[in-house]
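Observations on the model geometry
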Amino acid sequence: MKSILYIFLPCKPIYPVGCTYLADYIHKRHPEVRQRILDLSQIPPGERARAVRETAVDVRPDLVCFSWRDIQIFSPHEGDASLEQAFTFYYSNNPFKKLAASFSGLKSLYQYYSGIRANLAHAWLIRKICPDAPIMIGGGAFGAFAEQLIEKLPEGTIGILGEGEEAVLKMVEGKPIDGERFIARQNGKTITGTGQSYTGLDDLSVDLPYITEIFPQYTAYTDDCIGVQSKRGCPYDCAFCLYPYLEGKSVRYRPAARVVNDIAQHYRQWGTRRFWFTDAQFITGKAAYPQCTEIMERIIAERLEIEWSGYIRTSLITSEFAKLMVRSGVGDLEVAITSGSPEVLNGLHMGFVLDRLYDGCRHLAEAGFKGKVILNYSLNAPDETEATLRDSIESYKRVAAILGEDRVFPMMFFLGIQPHTDLEGRLLDEGYLTSGYNPLVLSPSSIRKMLYNPAPLNKLIGKACLAAWNRKTGSRTGSRDPRPWSGALAGSSPALDVRGSRYADASLLRGVELNSGRDVLLTLEEILNTRKSPAKTGASTPS
């Protein structure tokens, strides 16, 4: 095998870190193999097919690897235009707003299906241009919906579930991939590989000059936020999360020196100043303290004046750890508090204690943390009651009292039901979902189910959300990844232009600018105060 073409399928602007690690991994073992990375996110929709065709003709690949990161529309957070459309359609009392929302929802559905068809079409185009080149496909979106997507891809396409370094290496070396976790269609039948060989991370690194050479579009990211992976795997069992399914529950660590070397290369060669740890959790538990500590100490020792962030459980932040975070340049944080109720958290297998979460916030405040904190709340999760909703409202107030109300921003994230999660299994057992349902087929009724907000609290919560959102002016921007990326989004209004801001995610930026999540919680509190309190009567409203 002499050449490989990696095609990063369109999604929100985000650095294709998985493709770069994969290409570097192959290059270190087979430097004679020519490689190219094509990022379709940087190309206008009408020009993508031509870009695929021209690049394939130029590279003449012996193997084509697609990375499919995103697929879900109607994302379950309040900055998403489609969520507001759905809530307006289901819960508004204004018939004119319901009608307008229905038309907007149809447009979103059209875009959703068009996006899937376009991505599938790129694979079929490659099959036409390079009929003898094997096709592989992976990424988070494919991993989640592999059973549904593999049937729509060209016969013989090899779908990879989870990490792909070893599977691609075996293809390059002409070895069978029986020991890998894959799915494929052969002779009209779906076949799967049940093995899984995890990539050793001791030498996983990035040769940035090489990546610059094979990824001509890298210049689009030189002033952006660059993803860096310090570990793989997640030990937690959060009921709604796909990370353990995709990466495994055993946590594997990269040497801190290699992690910081990646950061230093981007810092000195590309001028990058913002970094995002792409780990499922930067601090996966007490066992991660030595590696995380060494990473921060090396950042400080090398005088890298950066801003970094990632998914972080504040429940694991100690006083000393908080000081290191601040000294090493931690930026704004996104914290999945999910609920202020221990009962709801335990039902979702979240694996943390609220008092420890508050302690972590306190340690950050004492260490001089000056960033913003986005608190993600998933209202109406299983086991939710009016009493637990009040607990969530109080938990926001408690964090705001610790860090300052001007730096704490609640965001409403309704649980999105994803395949291969405990939440999906529970809802199938309870009959909420029908066995054999297709998660990619959306309709008004299925959208209502997949954006988990069930009766009897659905109307109460919908009323609170719409009341809070309707207080704000300006159009919403649509779904974006909730991360502190830098750089303005194409077509965003000047008010949402985030050049120089910590938030390039215009949807979350809007939540920060308008503090609409706070309005939702306080509006919900007002509505609850007009009703009989379950806490006073001893009654509880089951979900």
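In short, a report on the structure. (Residues numbered from 1 in each chain as written. Predicted model: local features only at pLDDT ≥ 70, side-chain atom pairs only at ≥ 80, totals over all residues. Heavy atoms only, no water.)

**Side note on the overall build of the protein**
Counting secondary structure elements, the protein contains 21 helices and 15 strands. Contacts spanning at least 24 positions in sequence make up 76% of the contacts within the protein whose residues lie at least 6 apart. For the protein, the accessible surface area stands at approximately 21,800 Å², while carbon and sulfur atoms represent 52% of it. (Helix = DSSP H or I, 4+ residues; strand = E, 2+ residues; numbered from the N terminus. Contact = heavy atoms within 4.5 Å. Areas by Shrake-Rupley, 256 points an atom, 1.4 Å probe, with all protein chains shown as cover.)

**A word on the environment of R60**
Structurally, R60 is set in the loop between α2 (48-59) and β3 (63-67). With 69 residues separating them along the chain, R60 and I129 place their C-alpha atoms 9.3 Å apart. Within the local environment of R60, its side chain forms a polar contact with the backbone oxygen of D58, the two atoms lying 3.5 Å apart. (Polar contact = N/O pair within 3.5 Å; in protein donor to acceptor, adjacent residues only side chain to side chain.)

**Comments concerning the nonpolar core**
Membership of the largest hydrophobic core comes to 170 residues, with the highest contact counts inside it found for W68, F142, W308, M325 and L379. Beyond its immediate chain neighbours, meaning those up to four positions away, F142 contacts W68, I137, L149, I150, L153, G159, I160, L161 and I183. (Core = buried A, V, L, I, M, F, W, Y, C linked by side-chain atoms within 4.5 Å. Buried < 20%, exposed > 50% of the residue type's maximum accessible area, 1.4 Å probe, protein only.)

**Some points on the packing of aromatic side chains**
Summed over all chains, the structure comprises 17 aromatic pairs. Relative to Y90, the ring of F89 lies with its centre 5.4 Å away and its plane at 75 degrees, an arrangement referred to as edge-to-face. Take F89: its relative accessible area is 31%, and that puts it in the partly exposed class. For the pair F277 and F282, a centre-to-centre distance of 4.5 Å together with 20 degrees between the ring planes defines the contact as stacked. One cation-aromatic arrangement involves K98 over F89; the distance from NZ or CZ to the ring centre is 5.6 Å. Just above the ring of Y236 sits the side chain of R313; from NZ or CZ to the centre is 3.7 Å. (Phe/Tyr/Trp six-rings, centres within 6.5 Å; stacked < 30°, edge-to-face > 60°. Lys NZ or Arg CZ within 6 Å of the ring centre and 35° of its normal.)

**Digging into the pairing of β3**
Extensive coverage of β3 is indicated by the burial of five of its five residues. Side chains of β3 alternate between two faces, with L63, C65 and S67 and V64 and F66 buried alike. Alignment of strand β1 (residues 3-8) against β3, held across five bridges, turns out to be parallel. From the neighbouring strand, Y6 faces β3, where its bridge partner is C65. Pairing of β3 with strand β4 (residues 135-138) involves four bridges; the strand directions are parallel. Bridging across to β4, V64 finds its partner in I135. (Pairing = 2+ DSSP bridges.)

**Describing the sheet that holds strand β6 (residues 181-186)**
A sheet is described by the order of its strands in space; here seven strands give the open sequence β2-β1-β3-β4-β5-β6-β7, paired in mixed fashion. In this open sheet, the two edge strands, each paired with only one partner strand, are β2 (34-39) and β7 (189-194). When the angles between neighbouring strand axes are averaged without regard to direction, this sheet yields 20 degrees. Examined bridge by bridge, β6 and β7 share six bridges and lie antiparallel to one another. Looking at β7, one finds that R181 is bridged to T194. Taken strand by strand, helix α4 (residues 95-129) contacts β1, β3 and β4, and its axis lies near 175 degrees from that of β3. (Axes fitted to C-alpha atoms, helices over the stretch in contact; angles between N-to-C directions.)

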